[in-house]
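These are the residues of each chain, in order.
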Amino acid sequence: MEINKIMVIGAGQMGSGIAQVCAQAGYAVYLNDIKEESFAKGLAGITKNLSRSVEKERMTEDEKNAILARISKSLDLQDAENVDLIIEAAVENMDIKKTIFKKLDAIAPSHTILATNTSSLSITELAAVTARPEKVIGMHFMNPVPVMKLVEIIRGLATTDEVYKAVEDLTRDLTKVPVEVNDFPGFVANRVLMPMINEAIYTLYEGVATKEAIDDVMKLGMNHPMGPLQLADFIGLDTCLYIMETLHEGFGDSKYRPCPLLRKYVNAGWYGKKSGRGFYSYE
């Protein structure tokens, strides 16, 4: 199962990062988004990252230009008819992802693998809307993609060994570390991380300490590079809430109940860094 051409759906922070590492590894990449301005913003981010590497003498200007030349603009899912692997990195919403996967299944060649960068949703449920559930798999990259080494690889109920092996080999080719995880809500990363973040929010909500103190305790006492409230702002509070709701619904356990303060911030439009305000101000 040979992979030469890759399509990445969604030119946001995750999608553009995935497109960058694929192009750096020598793959031809279609970076797809529904909006021209979203693609332009994603490509500008990739260019900025690569230019920084040139400044630090990690690559040459010619190497940077060659990487950018391997990334093609796509504003139409019909471009999926030319690729061997599609990595979907759209918003973390099952209905939206199902709609995208139904369309991709109808357009992409029969050999094409459909992967999703979901951080919490069921691969098996997503695969069920396609006629190729054996070729559907999870590839959960970490943020920021160019820096973080881990990729959680999640098999759906029907995912074949051949598809898993192809994706595992590709992940290593991207200089990432593949870790196999079973299809449960939140997988491993977010099943462990999100309840910790949620508990930190409860600690703030209940007045145990200030946000700065909570983050300092985890940074200085637990050697975390970033405090949980600051990390939540970087992930996006709306994303944190959605994942907590997915865990709560999936397991039916009250320990996954989202903190009311998290819900209040999201309702106020305080999503964190991307909106300019979350637990901290970024304006």
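Residues take numbers from 1 onward in each chain, read along the sequence in its written order. Per-residue local features of the predicted model are confined to residues with pLDDT of at least 70, and side-chain atom pairs are confined, for both listing and counting, to 80 or more; whole-chain, interface and lining totals are unaffected and use all residues. Here the side-chain values reflect all heavy atoms present in the structure, with hydrogen atoms and water set aside.

- Under an unreviewed UniProt entry, the protein has the name 3-hydroxybutyryl-CoA dehydrogenase and belongs to Sporosarcina siberiensis.
- UniProt positions are given in the numbering used here, feature names are shortened, and annotations may be inferred rather than shown by experiment. The record held by UniProt for the protein lists under Pathway (unreviewed entry) the comment "Lipid metabolism; butanoate metabolism."
- Here is the UniProt Sequence similarities (unreviewed entry) comment for the protein, exactly as written: "Belongs to the 3-hydroxyacyl-CoA dehydrogenase family."

### Quick look at the packing of aromatic side chains
Each aromatic ring pair is described using two quantities: the centre-to-centre distance and the angle formed by the ring planes.
Then, in step 1: The criterion for an aromatic pair is that two Phe, Tyr or Trp rings (for Trp, the six-membered ring) have centres within 6.5 Å, with stacked assigned to planes under 30 degrees apart, edge-to-face to planes over 60 apart and tilted to the rest. A full pass over the atoms with the stated rule returns five aromatic pairs.
Then, in step 2: Seen from their ring centres, Phe-234 and Tyr-282 are 6.1 Å apart, and the 90° between their planes marks the pair as edge-to-face. Here the residue Phe-234 occupies a position in helix 9 (residues 228-235), and Tyr-282 occupies one in the segment after helix 11 (260-267), the gap between them amounting to 48 residues.
Then, in step 3: Taken together, a centroid distance of 5.0 Å and an interplanar angle of 35° make the contact between Tyr-265 and Phe-279 tilted. Linking Tyr-265 in helix 11 with Phe-279 in the segment after helix 11, this pair joins segments that are 14 residues apart in sequence.
Then, in step 4: An aromatic cluster of at least three residues, connected via ring pairs, comprises Tyr-265, Trp-270 and Phe-279.
Then, in step 5: The cationic tip of Lys-211 hangs over the ring face of Tyr-280; the distance from NZ or CZ to the ring centre is 5.6 Å.
Then, in step 6: A ring is considered to have a charge above it if a Lys NZ or an Arg CZ atom is located within 6 Å of its centre and within 35 degrees of its normal. The cationic tip of Arg-277 hangs over the ring face of Trp-270; the distance from NZ or CZ to the ring centre is 3.7 Å. Helix and strand assignments come from DSSP, with helices taken as H or I runs of at least 4 residues and strands as E runs of at least 2, each series counted from the N terminus.

### Quick notes on the pairing of strand 7 (residues 150-155)
Then, in step 1: Where strand 6 (residues 136-141) lies against strand 7, five bridges are found, and the strand directions are antiparallel. Looking at the pairing, Ile-137 lines up with Arg-155 of strand 7.
Then, in step 2: DSSP-based pairing: two strands are paired if at least 2 bridges between them are found. Sheet analysis places strand 7 next to strand 8 (residues 177-181), joined by five bridges and oriented parallel. Looking across to strand 8, one finds that Ile-154 is bridged to Val-181.

### Focus on helix 7 (residues 189-205)
Then, in step 1: Multiplying 1.5 Å by the helix residue count minus one yields the expected span of that helix. Spanning 17 residues, helix 7 covers 24 Å between terminal C-alpha atoms, matching the ideal 24 Å at 1.5 Å per step.
Then, in step 2: Relative accessible area decides the class of each residue, using a 1.4 Å probe on protein chains only: under 20% of the type maximum gives buried, over 50% gives exposed, and in between gives partly exposed. Taken together, the buried positions of helix 7 are occupied by Asn-190, Met-194, Pro-195, Ile-197, Asn-198, Ala-200, Ile-201, Tyr-202 and Leu-204.
Then, in step 3: Elements that come into contact with the buried residues of helix 7 comprise strand 6, helix 8 (211-221), helix 9, helix 10 (237-251) and helix 11.
Then, in step 4: Within two residues after helix 7, Gly-207 carries a phi angle of roughly 75°, on the positive side. The contact criterion used throughout is that any non-hydrogen atoms of two residues lie within 4.5 Å.

### Side note on the sheet that holds strand 5 (residues 113-116)
Then, in step 1: As summarised here, the arrangement of the eight strands in space is 3-2-1-4-5-6-7-8, forming an open sheet in which the pairing is mixed. Edge positions in the open sheet fall to strand 3 (71-74) and strand 8, since each of these has one partner strand only. The average angle at which neighbouring strand axes cross in this sheet is 25°, direction not considered.
Then, in step 2: As paired strands, strand 1 (residues 5-9) and strand 4 (residues 85-88) are joined by four bridges and run parallel to one another. Its bridge partner lying in strand 4, Met-7 is registered against Ile-86.
Then, in step 3: Note on method: axes are straight lines fitted to C-alpha atoms, helices fitted across the in-contact stretch only, with angles between N-to-C directions ranging 0 to 180 degrees. Strands in contact with helix 6 (residues 161-173) are strand 1, strand 4, strand 5, strand 6, strand 7 and strand 8; relative to strand 7, the strand with the most contacts, it is inclined by about 175°.

### A look at the nonpolar core
The nonpolar side chains of soluble globular proteins are, as a tendency, buried together.
Then, in step 1: In this structure, Ile-6, Ile-87 and Phe-141 are the most contacted members of the largest nonpolar core, which totals 36 residues.
Then, in step 2: In terms of residue count, helix 1 (residues 13-24) provides more of this core than any other element does, six residues in total.
Then, in step 3: With near-sequence residues (within four places) excluded, Phe-141 lies in contact with Met-14, Ile-18, Ile-87, Asn-117, Leu-150, Val-151 and Leu-174.
Then, in step 4: The definition of a nonpolar core used throughout is a set of buried Ala, Val, Leu, Ile, Met, Phe, Trp, Tyr and Cys residues joined through side-chain atoms within 4.5 Å. With 23 residues, the next largest nonpolar core counts Tyr-202, Leu-237, Leu-261 and Val-266 among its residues.

### Quick word on the pairing of strand 1
Then, in step 1: For strand 1, a buried count of four out of five residues is recorded, marking the element as mostly surrounded by other parts of the structure.
Then, in step 2: Pairing geometry for strand 1 and strand 2 (residues 28-32), over five bridges, is parallel. Pairing of Met-7 across the sheet is with Tyr-30, part of strand 2.
Then, in step 3: Crossovers are marked right-handed if the path from the first strand over the helix to the second runs clockwise, as seen with the strands pointing away from the viewer. Handedness of the strand 1-helix 1-strand 2 crossover: right-handed.

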